[in-house]
Amino acid sequence: MANHPRYAIYYASSSDSVLHRFGSTLLGYDAASGDDLPFPDGVAPDWREVTQDPRKYGFHATLKAPMSLADGKREANLVDACAAFAGRIRRIPVIEPVVDAISGFIAVIPAKPSAELQQLAADCVRDFDAFRAPLSPEDRARRNPAKLTARQCDYLDRWGYPYVMEEFRFHMTLTGRLSDERRGPIVAALRERFAATGLTTLAIDRIALFRQDDGASRFRIIGSWPLRS
């Protein structure tokens, strides 16, 4: 277990938004404040266990996966780079958010693909890679490369994470992996809760820098920047 900080560039909606409240309440953790939250009633009796894995990371969508800092790089350098990245003019992706299953877990995902969103994610992967320390053999093994495709293995070795570029799928995780028989009822329950937010469009209009102090800690937001349109 790592005893040094890791950092990640995520999309996380503003801390006063309905989306942030929706996701943080379901996970029982607010990554903006660092506070534990009461778990919601009526989703599943073992909801604490169902959300155990995503709770560690906070409610987010990955743009640049968690990384240790490369030699010579400091947190302050990464903060400056986030501000510079957000300050560049770009087309702001706008999606229709829906709750659905993806790779065995449940998440908020786009109803249809977005070229602007794919571009934003690819830019994050490339632009922040200079801050990433190389994967250790142990970290690489944890990605279980034998179960990855050849392209995913190439991306793992090149970018430190297999699900980038063409393999990227935007998702804001709400549960851990669930069996086939459990997913259907929980998807239905979460869709009903999501509909109550009234959120029908979502602009992916900011990036957030998350920090994990060590392997036993949760990730927490240490900076957030609106993207310049």
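Right above here is the structure, for reference.
Numbers given for residues are sequential positions, taken from 1 along each chain in its written order. Local features in this predicted model are restricted to residues of pLDDT 70 or higher, and side-chain atom pairs are both shown and tallied only at a pLDDT of 80 or more, whereas totals for entire chains, interfaces and linings draw on every residue. To get the side-chain values, all heavy atoms of the structure are used, and hydrogens and water are removed first.

**Student:** Give a description of the pattern of salt bridges that names residues and reports values.
**Tutor:** When a carboxyl oxygen of Asp or Glu is within 4 Å of a side-chain nitrogen of Lys or Arg, the pair counts as a salt bridge. For the structure shown, the criterion picks out 15 salt bridges. Arginine 183 is the salt-bridge partner of aspartate 180, the closest N and O atoms lying 2.4 Å from each other. Of the two residues, aspartate 180 and arginine 183 are both situated in helix 8 (residues 180-195); the distance of three residues between them amounts to about one turn of the helix. For arginine 211, the salt bridge is made with aspartate 213, and the minimal N-O distance between the two is 2.5 Å. Overlapping salt bridges, with partners in common, bring together Lys64, Asp129, Arg132 and Arg158 in one network. In DSSP terms, a helix is any run of H or I states spanning at least four residues, a strand is any run of E spanning at least two, and both are numbered starting from the N terminus.

**Student:** I'd like to hear about the nonpolar core, residue by residue, with values.
**Tutor:** Residues grouped as a nonpolar core are buried Ala, Val, Leu, Ile, Met, Phe, Trp, Tyr and Cys residues, joined through side-chain atoms within 4.5 Å. Each residue's exposure class comes from its accessible area (1.4 Å probe, protein chains only) as a fraction of the maximum for that residue type: buried when under 20%, exposed when over 50%, partly exposed otherwise. The biggest cluster of nonpolar side chains holds 47 residues, and the ones touching the most others in it are Tyr11, Leu19, Leu78, Phe128, Phe170, Leu190 and Ile207. The contact definition used throughout considers only heavy atoms, calling two residues in contact when any of these lie within 4.5 Å. Residues within four places of leucine 78 in sequence aside, it is in contact with Tyr7, Ile9, Met67, Leu69, Phe128, Phe131 and Leu209. If you look at the next biggest cluster of nonpolar residues, it comprises nine residues, including Tyr10, Tyr29, Phe210 and Ile221.

**Student:** Lay out the packing of aromatic side chains with the relevant residues and their values.
**Tutor:** Only the six-membered ring of Trp is used, alongside the rings of Phe and Tyr, when aromatic pairs are assigned; centres must lie within 6.5 Å, and planes under 30 degrees apart are stacked while those over 60 apart are edge-to-face, with the rest tilted. Following the criterion strictly, the structure yields seven aromatic pairs and no others. Aromatic side chains tyrosine 10 and phenylalanine 210 sit 4.6 Å apart centroid to centroid with 65 degrees between the ring planes, which places their arrangement in the edge-to-face category. Highlighted residues: tyrosine 10 in strand 1 (residues 6-11) and phenylalanine 210 in strand 10 (residues 206-212), separated in sequence by 200 residues. Here the two residues tyrosine 10 and phenylalanine 210 agree in accessibility, since each one is buried. Judged by centre distance (6.3 Å) and plane angle (50 degrees), the ring pair of tyrosine 10 and phenylalanine 219 falls under tilted. Of this pair, tyrosine 10 sits in strand 1 while phenylalanine 219 sits in strand 11 (residues 219-226); the two residues are 209 residues apart in sequence, bridging distant segments of the chain. Assigned by exposure class, tyrosine 10 and phenylalanine 219 land together as buried. Ring pairs connect the aromatic residues Tyr10, Tyr57, Phe210 and Phe219, which therefore count as one cluster. If you follow arginine 90 out to its NZ or CZ, it ends over the ring of phenylalanine 85, 4.2 Å from the centre. Ring-over charges, as used throughout, are those where CZ of Arg or NZ of Lys falls within 6 Å of the ring centre and within 35 degrees of the ring normal.

**Student:** Before we move on, could you go through the pairing of strand 7 (residues 105-110) and cite the residues and values that matter?
**Tutor:** In terms of burial, strand 7 is largely enclosed, as six of its six residues are buried. At least two DSSP bridges between two strands are required for those strands to pair. Bridge count between strand 6 (residues 97-102) and strand 7: six bridges; the pairing is antiparallel. In the strand pairing of strand 7, alanine 101 is matched with isoleucine 106. The loop that links strand 6 with its antiparallel partner strand 7 comprises two residues; one of these, serine 103, has a positive phi angle of about 55 degrees.

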